[in-house]
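Coordinate analysis (summary)
Letter by letter, the chains look like this.
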Amino acid sequence: MSRFLAPTPADLESLGRGEGPARPELLREGARSRTLLLLRALKDLGGDDGMAAGLALLADVQRHSPAAFAAALDLPATGAWAAYCVRAATAAGPGAPLPPEAADLAALAGAAAHRAGMRYRIAVGARDGAVPLPGLGLAVLPPGTARAELRGEGGASVLCGGGRTVRIPRAPGAEAPGWHPEPRIRVTAAGRTLDVRLDSLHPFRQGGAPLPPRPLDAAERRVWEADTAAAWTLLAERHPARARDVAATVASLVPLTGPSSWTSASYGDAVGAVGLSPHPDARSLAAALVHEAQHSKLSALLTVADLLDAPPGLRAYAPWRDDPRPPAGLLQGAYAFLAVTGFWRDEALRAGTDEEVHAAQTHFARWLRPTADTVAVLARSPWPTAEGRLLLDAMRRTLADWATTRIAPAAAAAARSAAVRHRVRWRLRHAPAPPRALVEALAAAYGAGLPVPREAARLLHRSPALTPDAEPDPGTAMPELVHAVREAAGPTPAPGLTGWLRPVVEHCAALRSVRGPFVPSAQGAPVRTGQGHLPAVAGGELKGHAGVERESRAGSEGSYPYAAPPRGRPSTSTVDTG
C-alpha cells in the first residue's frame, strides 16, 4: 500500500467529526485500488480467452482514456461483481472454472470503451437475451440468446445477437429500440448539485447474488426524481456540509426489491451504492442518505486502514439492532449513527413547526447517548489500532460537544423510553435462563404490582454479552419488562418463545392481575393500569454498558452485516440496516 493511500491524522480527525477526509481523494482511490486488486486476483485464479479479451480491452481503455477506465472501476456494482467472482472462485478451489458471472468482464470493458469513444469489438454474454452494460444501460435481445458481439464505431456502439441488432447511442440517457438507458438523477439546490445513477439494471447493484434487471417505467422514474429532489433540497439548504458529503460519496441509488423490512441499505462490496425503499417524506429520505453515505465512507476507509484488531467470535449489544453484533459491526453502527445524530441535532435547530422540532429533538436524544456509549466501549477495549483510536477519539469528542445541546423534557423522556424498551427487549431475547426461583419471584412481582426483586433486576441488566458498570435500580426496570412481555406475548404465551422469556410470560399469564395498556410516566410516580399498579420509569436509562465477551457457541461467527474487508482482501457482501 502506498503512503498516499494511508490516512493521515488530519483525515481521521475530519472523518471522526462525521465529515469527509481532509483529502477527498483518499476514499475514492482506496475503493478503486481494492477493485483493481480483486481484478488481479480474478486473473490469477484462472480464466479463458474471454477473460483475457476483457482484460486486454480494459488495458486499452486505460491507455486511451484514463477517465473512462476510472469511471468503470468506480461504479459501485463493479466492486460487488468483482468480490462475488473472487469469493466464488476461491470457494470452488484450485483448478475449478471461474463462476459464469466472471464473463461479465467483457461487458464492463466494452461499456468503458464505449464511454471512451473507441473502436473495438468484443464477445459478451447474455442472460436470456438481457445484456447489462455497466454504467450505460440494458440491451434486450431475443429470449434465449446467450452470446452476442458488442462493437464500437468510435461513437455509437452496436450489439448483435439472436438475429437482432441493438444500437447503443453515444449520448448518455438517449433511448433506442431494444435499449434501456440507465437513468440519472441530477438536481441542484442552494448552489449544490447531486448527480447519481438510478440503478435497477446491474445484476450486482445490491451486492450478494446477482439479480435480474428491472427497468423502471417513466412514472417510477418521476417519483424517484421528485423524492430525491425534495430530500436534496432539504440537505443543501439546511445541512450544507452533509450535502457536500453525500454528493461526494453516493454514486448510485438502488430501488430495493424483494421482501425486506429495510428502508435503506449500504453494501460493503459496493461502496457508494445506497439501497432505498420509498420514504414517507423528505426528512426521512435525507436522513437515510446521510446514514448510508456514512457507512460507505467507513467501508472505503477500511480499504486503506485497519481500525480494529479483534479476535473472532465476539458479540455485544448494539442500540440499533436486535441481534448481538461483533466489534466491526459496533464500529460501523456507531459511525453511521454519529452522522444520523448530527443530522437530527441540526434539524432540531432549523426545523419549523413545534411538531418538527419535537420529532428532531427526540431522534437526536434517542441516538446521542447510545452512540456515545458504544464509542466508549470500543475505545476502552484493546482492539483499536493506532488509526482506529484516532478515529474513535475524534468521534468521542464530537459526541461530547453535542451532549451540551439543550432539548425539551418531553423529547428527552420519549427518547429515554425508546432506548430503555429496546435494551430490555434485547435482554429478554438474549439473556440465559435464570434460576426457577427468580423467574417465579419476577412473575409474582409482576402480578402483584410490586417492585422487581433486586436479583431479578440484575438479570435485566446482564447477559452473556453485557457487563454492568453501575448498580441497577430495581424500581425502574419492571414497568418496561411488563410492557415488553405484554407486547411480545399478548394475553396468552406465544408458541416458540425461547430462553427465559417463556417462563416469565407463562407466570405472568398465570398471575395476571394487571390489565390494560402500560403507560410510562415521566414523573416517576406509580402508574395505575386496571386492578394493579406498577412502578414507573424514574429518571434515566437502565444503567450498564455494552461490554463484549466471547460467544460460547462454536462456529457461530459466520458472515454478518457491517463486516469490513481487510486491506487488499475481499469481504463478504454486506447489507447495512444501521
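For the structure given in this document, a descriptive report is provided here. (Residues numbered from 1 in each chain as written. Predicted model: local features only at pLDDT ≥ 70, side-chain atom pairs only at ≥ 80, totals over all residues. Heavy atoms only, no water.)

**Quick look at the overall build of the chain**
Helix and strand content of the chain: 17 helices and 16 strands. Residues classed as buried in the chain amount to 52% of the 578 residues present. For the chain, the accessible area works out to roughly 24000 Å², and carbon and sulfur atoms hold 55% of it. (Helix = DSSP H or I, 4+ residues; strand = E, 2+ residues; numbered from the N terminus. Buried < 20%, exposed > 50% of the residue type's maximum accessible area, 1.4 Å probe, protein only. Areas by Shrake-Rupley, 256 points an atom, 1.4 Å probe, with all protein chains shown as cover.)

**Some words on the sheet that holds strand E7 (residues 179-181)**
Pairing between the strands of a sheet is mediated by backbone hydrogen bonds and can be parallel or antiparallel. Strand order in the open sheet made by the 3 strands is E2-E3-E7, with antiparallel pairing throughout. Only two strands of the sheet have a single neighbouring strand rather than two, namely strand E2 (130-133) and E7. Neighbour-to-neighbour, the strand axes of the sheet open up by a mean angle of 15 degrees, direction not taken into account. Note that strand E3 (residues 137-140) and E7 share 3 bridges and pair antiparallel. Paired with Ala139 across the bridge in E7 is Trp179. (Pairing = 2+ DSSP bridges. Axes fitted to C-alpha atoms, helices over the stretch in contact; angles between N-to-C directions.)

**Observations regarding the pattern of salt bridges**
Side chains bearing opposite charge may pair, as long as their charged atoms lie close to each other. Here the structure, examined in full by the defined rule, presents 27 salt bridges. A salt bridge links Asp74 to Arg32; the shortest N-O distance between them is 2.7 Å. A residue pair is termed long-range when its members are at least 10 positions apart, and Asp74 in helix H4 (residues 66-74) and Arg32 in helix H2 (residues 25-44) qualify at 42 residues. The class for Asp74 is partly exposed, based on a relative accessible area of 26%. A salt bridge links Arg87 to Asp269, with the nearest nitrogen and oxygen atoms 3.2 Å apart. With Arg87 in helix H5 (residues 76-92) and Asp269 in the loop between strand E11 (264-266) and strand E12 (273-276), this pair connects stretches of sequence that are 182 residues apart. Note on Asp269: relative accessible area 3%, which makes it buried. Within the structure, one salt-bridge network assembled from shared partners comprises Glu13, Arg17, Glu19 and Arg397. (Salt bridge = Lys/Arg side-chain N within 4 Å of Asp/Glu carboxyl O.)

**Re the layout of surface pockets**
As a volume, the largest pocket reaches approximately 1000 Å³. Around the largest pocket, the lining is made up of 50 residues, and of these Asp245, Ala248, Thr249, Val250 and Lys297 lie nearest the centre. Put simply, the parts of the chain that give the lining of the largest pocket at least two residues each are H2, H4, H5, strand E9 (192-198), helix H8 (240-249), helix H9 (282-301), helix H10 (327-350) and helix H12 (386-402). The element contributing the most residues to the lining of the largest pocket is H8, with 8 residues. Among the residues forming the lining of the largest pocket, the class breakdown is 20 nonpolar, 10 polar and 20 charged. (1 Å grid on protein atoms, 1.4 Å probe; cavity = no way out; pocket = protein on both sides within 12 Å on 5 of 7 lines; lining within 4 Å. Points joined across faces, edges and corners; volume = space filled by probe spheres on them. Nonpolar A, V, L, I, M, F, W, Y, C, P; charged D, E, K, R; others polar.)

**Regarding the sheet that holds E9**
An order of E8-E9-E10-E12-E11 is seen for the 5 strands of this open sheet, with the pairing classed as mixed. A strand with exactly one partner marks an edge of an open sheet, and here the two such strands are strand E8 (184-189) and E11. Within the sheet, the average angular offset between the axes of one strand and its neighbour, ignoring direction, is 30 degrees. Bridge count for strand E10 (residues 252-255) against E12 is 4 bridges, and the pairing is parallel. Looking at the pairing, Val254 lines up with Gly275 of E12. Most of the contacts of helix H7 (residues 218-238) go to E8, to which it runs at about 35 degrees, and overall it touches E8, E9, E10 and E12. (Contact = heavy atoms within 4.5 Å.)

**A few points about the pairing of strand E6 (residues 164-168)**
Two strands pair when backbone bridges link them, and strand E5 (residues 157-161) and E6 are joined in this way by 5 bridges, in the antiparallel orientation. Residue Leu159 lies in a different strand from E6, and its bridge partner there is Val166. Between the end of E5 and the start of E6, which pair antiparallel, lie 2 residues, with Gly162 showing a positive phi angle near 60 degrees.

**Topic: the side chain of Gln361**
Along the chain, Gln361 turns up in helix H11 (residues 354-380). For Gln361, the residues in contact, after removing those within four places along its chain, are Ala348, Arg406, Ile407, Ala408 and Ala411.

**Topic: the nonpolar core**
Counting 65 residues, the largest nonpolar core has Trp232, Leu235, Val246, Leu253, Leu301 and Leu391 as its most contacted members. Ranked by size, the runner-up nonpolar core spans 52 residues in total, among them Leu58, Ala72, Trp179 and Phe204. (Core = buried A, V, L, I, M, F, W, Y, C linked by side-chain atoms within 4.5 Å.)

**Thoughts on the packing of H4 against helix H6 (residues 105-116)**
The axes of two packed helices give the description: the angle between them and the distance between them. One way to put it is that H4 packs onto H6 with a least axis distance of 9 Å and a crossing angle of 140 degrees. Put simply, H4 runs oblique to H6. Helix-helix and strand crossings are classified by hand; for H4 and H6 the assignment is right-handed. Along its contact with H4, which presents Ala68, Ala71 and Ala72, the element H6 presents Leu108, Ala112, Arg115 and Ala116. In the contact of H4 with H6, the residues fall into 6 nonpolar, no polar and 1 charged. (Parallel < 35°, antiparallel > 145°, perpendicular 65-115°, else oblique. Left-handed = near helix turned anticlockwise from the far one by under 90°.)

**Quick look at H2**
Helix length check: H2 (20 residues) gives 28 Å between terminal C-alpha atoms against 28 Å at 1.5 Å per residue, within 8%. Turning to H2, its buried residues are Leu26, Leu27, Gly30, Ala31, Arg32, Arg34, Thr35, Leu38, Leu39 and Leu42. Where the residues of H2 are buried, they touch helix H1 (9-16), helix H3 (49-64), H4, H5, H6 and H9. (Expected span 1.5 Å × (residues − 1).)

**Comments concerning unusual backbone geometry**
In this structure, Asp128 is a non-glycine residue whose phi angle is positive, near 50 degrees. Within the fold, Asp128 resides in the loop between strand E1 (119-125) and E2. On the basis of relative accessible area, Asp128 is assigned to the exposed category, the value being 58%. Despite not being glycine, Ala190 shows a phi value in the positive range, around 50 degrees. Its location among the elements puts Ala190 in the loop between E8 and E9.

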